[in-house]
Amino acid sequence: MTGQAKYKRILLKLSGEALMGQFDYGIDPAVIARVADEIVELIRLDVQVAVVIGGGNIFRGAGLAQGGMDRVTADHMGMLATVINCLALQDAVERAGAYCRVMSAIKINQVCEDYIRRRAVRHLEKGRVVVFAAGTGNPFFTTDSAASLRATEINADLMLKATKVHGVYDADPVKNPDAKLYKHLSYDQVLHDKLHVMDATAIVMCRDNNIPLRVFNMFNQGDLRRIALGEDVGTSVMSK
């Protein structure tokens, strides 16, 4: 494997929906295996990799709450859904040849470790992939906010937001073929223009802690490695 990685430590935010692949629900084994292979490629480049996964392929707390369920209960169900996804990714990463630890923000230590910041950093330093489960452990916060929080806590050099499109557009590129792709944005512009890269809490946390963000297409094979090597893939969001 050739090339020198630009970043020492990254945090990758994956949506639960990305794991569905061609399915309407759950986890597509082929998709999660490919994601794991790309993560392991970064480990072999000596990049320390942390991951936050959503749970929308199983349960989405906000959606359940809109249907009349108590919001706190719904969000707790969503947190448990992320644990399922994280365990699946752990299995895929280990089958791909790397060590992996799942750390949960809620106590569920019969199936994974409790989240302890210093222990998470130590796992990363030892070359293990660390997958953060259960969001922040609190209702009313999205997994985007959890990703920004964990990226800040572990002092990540870069946060990556994986999507199904090539970056941030001024309109929905699926509905509007003339939508313009932004290559570079500031956090303030994202907030002002309501570009919906992530929720506002997550964007503000990245901005205030000066963590660069890159939005890219996880389904474009090889882009994760290209970003780690410093190529200008997707949309870069930084403080100005």
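Anything mentioned here points back to the structure above.
Just so it is clear, the structure is predicted and the values come from calculations on it, not from any experiment.

Asker: Explain the state of the cysteines residue by residue, including any values.
Answerer: All told, the structure shown has zero disulfides when counted by the stated rule. The structure places no disulfide on C86, whose sulfur is separated from the nearest cysteine sulfur, that of C112, by 7.9 Å. Exposure remark for C86: the relative accessible area of 0% places this residue in the buried category. Free of any disulfide, C206 has its nearest neighbouring cysteine sulfur in C86, separated by 18 Å. On the accessibility criterion, C206 (0% relative accessible area) is buried.

Asker: Account for helix 5 (residues 143–153), naming residues and giving values.
Answerer: With eight of its eleven residues buried, helix 5 lies for the most part within the structure. The complete set of buried residues in helix 5 reads T143, D144, S145, A146, A147, S148, R150 and A151. Tucked inside the fold, the buried residues of helix 5 contact strand 1 (9–14), strand 2 (48–53), helix 3 (71–95), strand 5 (129–133), strand 6 (158–163) and helix 7 (200–208). The backbone nitrogen of D144 lies 3.3 Å from a side-chain oxygen of the residue at the head of helix 5, namely T142. Taken from the residues just after helix 5, N155 is the one with a positive phi, measuring 60 degrees.

Asker: Give a detailed account of the packing of aromatic side chains, specifying residues and quantitative values.
Answerer: Overall, the coordinates contain one aromatic pair when judged by the stated rule. Note on Y115 and F132: the rings are 5.4 Å apart at their centroids and 85 degrees apart in plane angle, and the pair reads as edge-to-face. Taken together, the positions of Y115 in the loop between strand 4 (113–114) and helix 4 (117–125) and F132 in strand 5 put the pair 17 residues apart, joining distant regions of the chain. Each member of the pair, Y115 as well as F132, carries the same accessibility label: buried. It is R150 that lies over the ring of Y115; its NZ or CZ is 3.8 Å from the centre. Here the basic side chain of R150 rests over the ring of F132, its NZ or CZ set 5.8 Å away from the ring centre.

Asker: I'd like a description of helix 7, backed by residues and values.
Answerer: Every buried residue belonging to helix 7 is among A202, I203 and C206, and all of these are buried. Down the axis of helix 7, the buried side of the element spans an arc of 100 degrees, and every buried residue falls inside it. Where the residues of helix 7 are buried, they touch helix 5, strand 6, helix 6 (187–192) and strand 10 (213–217). For helix 7, the side-chain oxygen to backbone nitrogen distance between the N-cap and T201 is 3.0 Å, and the N-cap itself is D199. Downstream of helix 7 by one or two residues, N210 has phi in the positive range, about 55 degrees.

Criteria and thresholds
Residues numbered from 1 in each chain as written. Predicted model: local features only at pLDDT ≥ 70, side-chain atom pairs only at ≥ 80, totals over all residues. Heavy atoms only, no water. Disulfide = S-S within 2.5 Å. Buried < 20%, exposed > 50% of the residue type's maximum accessible area, 1.4 Å probe, protein only. Helix = DSSP H or I, 4+ residues; strand = E, 2+ residues; numbered from the N terminus. Contact = heavy atoms within 4.5 Å. Polar contact = N/O pair within 3.5 Å; in protein donor to acceptor, adjacent residues only side chain to side chain. Phe/Tyr/Trp six-rings, centres within 6.5 Å; stacked < 30°, edge-to-face > 60°. Lys NZ or Arg CZ within 6 Å of the ring centre and 35° of its normal. Arc of directions from axis to C-beta.

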